[in-house]
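Chain by chain, the residues run as shown.
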Amino acid sequence: MAYSTDDLIHIRRHLHQIPELALHETETHAYLLKCVKDMDQRYLTIREPEELPTSMMVLVQGSQPQRTIGYRTDIDALPVEEQTGLPYKSKHPGVMHACGHDIHMTVALGVLKYFSEHQPKDNLLFFFQPAEESENGGKRAYELGLFKGQWCPDEFYGLHDNPELPAGAIGCRMGTLFAGTTEVNIDLHGKGGHAAYPQDANDMVVAAAALIMQVQTIISRSIDPIQSGVITLGKFRAGTIRNVIAGDARIEGTIRGLTQKMIKQIDGRLQDVCDGIARSYNCQVKLGLNQGGYWPVENNPQLTKRFIDFMSHDKDVNFIETEPAMTGEDFGFLLAKFPGTMFWLGVEDDSQLHSATLTPDERALPRGVNAITSFLEYRMNDNN
């Protein structure tokens, strides 16, 4: 029997109580494995890759497979101290499912449960992925060769919960859903000295301040205003005491862009600014850029059109066309390797993602399972 709403809520609340950080999702993995092993095993093959120990892959054998359709869910949590006051709040101090991955996992289990009892036409690959919030779990899985042979999807789908959408609504768009991100680290090296003798020093507070101001022109003067990009420099450290000129400074921040091309353009302009500051202030400026696995989530045009057409015409689905988000998601790396679509599942809450008070509306669970199950059945009967 497919999971009831009460079953889904029970699973979600159990997962909510055992959040774990990236690459340490051992208790979560064990619970997920138990749930899958409790299902009908006739069509299932379970794989626990040694290369990525907390991950799990489940292949559902199709009756007349023409392709393998992948479905991914992330399983890690955030270093956030929960403040919801719920009776099923996190049991792990300082760790919380503040991004709703407990919702993601529960919906995936619900869809898998259905197809374990109703053999699909095509092969279905369910990927329970660790380390989405950090450590680039999707990129790791790909580079470790997990998607080869029968475990290679022809197309990939995944969801992310959205507290700004009504509970159970499905949101999507053509093009980019999530921005790509690049971590920025800038180190400046000059010469420290006494505050009374600036002529004998090379002040990196002044150089860093000039750099920060110059960076603000990159988006406004180097990026097409019809497009969108963001540079935020959120951390600045220099000096130790008020009457000593700082010889070193460090700036940390993030770049967000809607396409890989745009991110590369912003990266290049930031390097130009750093080079110019180095020459102007006679100092060393070292720029470190780390994109990791957080590429833009660029939805495949053909597959996404089918997805939107189906969801917008299904009378049981509240479909909403959404705008792109400047938040990052490491499913973007996998969508750069496999055609596919990412979409939103509304969970209607006043708190935002990554908030210590995030409380998703659990009415979204059965609605999400039903919408995705229906779409996958439709997709498997589509010969294109």
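Details of the structure are given in the entry above.
Every value quoted in this text rests on a predicted model; they were computed, and no experiment measured them.

Cut-offs used in this document
- Residues numbered from 1 in each chain as written.
- Predicted model: local features only at pLDDT ≥ 70, side-chain atom pairs only at ≥ 80, totals over all residues.
- Heavy atoms only, no water.
- Helix = DSSP H or I, 4+ residues; strand = E, 2+ residues; numbered from the N terminus.
- Buried < 20%, exposed > 50% of the residue type's maximum accessible area, 1.4 Å probe, protein only.
- Lys, Arg positive; Asp, Glu negative; His and termini not counted.
- Charge placed at Lys NZ, Arg CZ, Asp CG, Glu CD.
- Pairing = 2+ DSSP bridges.
- Axes fitted to C-alpha atoms, helices over the stretch in contact; angles between N-to-C directions.
- Contact = heavy atoms within 4.5 Å.
- Salt bridge = Lys/Arg side-chain N within 4 Å of Asp/Glu carboxyl O.
- Polar contact = N/O pair within 3.5 Å; in protein donor to acceptor, adjacent residues only side chain to side chain.
- Right-handed = clockwise from strand over helix to strand, strands pointing away.
- Phe/Tyr/Trp six-rings, centres within 6.5 Å; stacked < 30°, edge-to-face > 60°.
- Core = buried A, V, L, I, M, F, W, Y, C linked by side-chain atoms within 4.5 Å.

Details of the overall build of the protein
Here comes step 1: Across its full length, the protein holds nine helices and 16 strands.
Here comes step 2: Counting only C-alpha atoms, the protein reaches 80 × 45 × 40 Å along its principal axes.
Here comes step 3: Within the protein, the proportion of its 384 residues that are buried is 57%.
Here comes step 4: Charged side chains of the protein number 35 positive and 50 negative; the gap between the two group centres comes to 4 Å.

Some remarks on the sheet that holds strand β2 (residues 56–60)
Here comes step 1: Pairing is mixed across the open sheet formed by eight strands, whose spatial order is β1-β2-β4-β3-β5-β16-β6-β15. Bordering the open sheet on either side are β1 (44–47) and β15 (319–321), each of which pairs with just one other strand. Strand after strand, the sheet turns through a mean of 25 degrees between neighbouring axes, direction not considered.
Here comes step 2: Packing against the sheet, helix α2 (residues 26–37) makes contact with β1, β2 and β4 (123–129), and its axis sits at approximately 15 degrees to β2.
Here comes step 3: Those strands touched by helix α3 (residues 101–117) are β1, β2, β3 (68–74), β4, β5 (155–162) and β16 (340–346), and its axis lies near 150 degrees from that of β3.

Here's the deal with unusual backbone geometry
Here comes step 1: One non-glycine residue, Leu23, adopts positive backbone phi at about 70 degrees.
Here comes step 2: Within the element layout of this structure, Leu23 appears in the loop between α1 (5–17) and α2.

Points about the side chain of Glu25
Here comes step 1: With respect to the helices, strands and loops of the structure, Glu25 is situated in the loop between α1 and α2.
Here comes step 2: No salt bridge is formed by the buried Glu25; the nearest opposite charge belongs to Arg140, separated by 9.3 Å.
Here comes step 3: A distance of 2.9 Å separates a polar side-chain atom of Glu25 from the backbone nitrogen of Ala131.
Here comes step 4: Excluding its chain neighbours within four sequence positions, the residues that come into contact with Glu25 are Glu20, Thr54, Ile75, Asp76, Pro130 and Ala131.

Remarks on the side chain of Gln129
Here comes step 1: The topology assignment puts Gln129 in strand β4.
Here comes step 2: Only 3.1 Å separates the side chain of Gln129 from the side chain of Arg72, close enough to count as a polar contact.
Here comes step 3: Here Gln129 is in contact with Arg72, Thr73, Asp74, Ile75, Gly137, Gly138, Asp330 and Leu334, once residues within four sequence places are set aside.

A look at the sheet that holds strand β8 (residues 180–189)
Strand pairing in a sheet is mediated by backbone hydrogen bonds. Such pairs are either parallel or antiparallel.
Here comes step 1: If you trace the four strands from one edge of the open sheet to the other, you get β10-β12-β8-β13, paired in antiparallel fashion. Since the sheet does not close on itself, it has two edges, and those belong to β10 (229–238) and β13 (284–290), each with one partner. With direction set aside, neighbouring strand axes in the sheet form an average angle of 20 degrees.
Here comes step 2: The sheet contact formed by β8 and strand β12 (residues 248–257) spans ten bridges and is antiparallel. Paired with His189 across the two strands is Asp248, which belongs to β12.
Here comes step 3: Contacts from helix α5 (residues 204–222) reach β8, β10, β12 and β13, with the element oriented near 175 degrees to β10.

Digging into the pairing of β3
Here comes step 1: Within β3, seven of the seven residues are buried, leaving the element largely enclosed by the surrounding structure.
Here comes step 2: As defined by bridge partners, β3 adjoins β4 across seven bridges and the pair is classed as parallel. Its bridge partner lying in β4, Thr73 is registered against Phe128.
Here comes step 3: A crossover links β3 with its parallel partner β4, the connecting element being α3, and its sense is right-handed.

A closer look at the pattern of salt bridges
Here comes step 1: Within this structure, the stated rule accounts for 21 salt bridges.
Here comes step 2: Where Glu329 meets Arg72, a salt bridge forms, and the shortest distance between an N and an O atom there is 3.2 Å. Placement of the pair is Glu329 in the loop between β15 and α8 (331–337) and Arg72 in strand β3, with a sequence separation of 257 residues.
Here comes step 3: Overall, Glu329 belongs to the buried group, its relative accessible area being 0%.
Here comes step 4: The partner of Asp361 in a salt bridge is Arg363, and the shortest N-O contact between them spans 2.6 Å.
Here comes step 5: For Arg363, a relative accessible area of 46% gives the class partly exposed.
Here comes step 6: The network of salt bridges with shared partners includes Arg12, Arg13, Asp102 and Glu362.

Quick notes on the packing of aromatic side chains
Here comes step 1: Inspection of every chain in the model, using the stated rule, returns 17 aromatic pairs.
Here comes step 2: With 5.6 Å between their ring centres and 75 degrees between their planes, Phe147 and Phe338 make a pair best called edge-to-face. Taken together, the residues span a long stretch of sequence, with Phe147 in the loop between α4 (137–143) and β5 and Phe338 in the loop between α8 and β16 at a distance of 191 residues.
Here comes step 3: Taking the relative accessible area as the measure of exposure, Phe147 reaches 7% and is therefore buried.
Here comes step 4: Its relative accessible area of 8% is what places Phe338 among the buried residues.
Here comes step 5: Through a chain of ring-to-ring contacts, the aromatic side chains of Phe127, Tyr142, Phe147, Phe156, Trp295, Phe331, Phe333 and Phe338 assemble into a single cluster.

Digging into the nonpolar core
Here comes step 1: If you look at the biggest cluster of nonpolar residues, it comprises 54 residues, and the most contacted ones within it are Val107 and Phe128.
Here comes step 2: With nine residues, the top contributor of residues to this core is α3.
Here comes step 3: Ignoring any residue separated from it by four or fewer positions in sequence, one finds Phe128 in contact with Leu32, Ser55, Met56, Val58, Thr73, Ile75, Ala108, Leu109 and Leu112.
Here comes step 4: Within the second largest apolar cluster, 28 residues are counted, among which are Ala179, Ala207, Val285 and Leu287.

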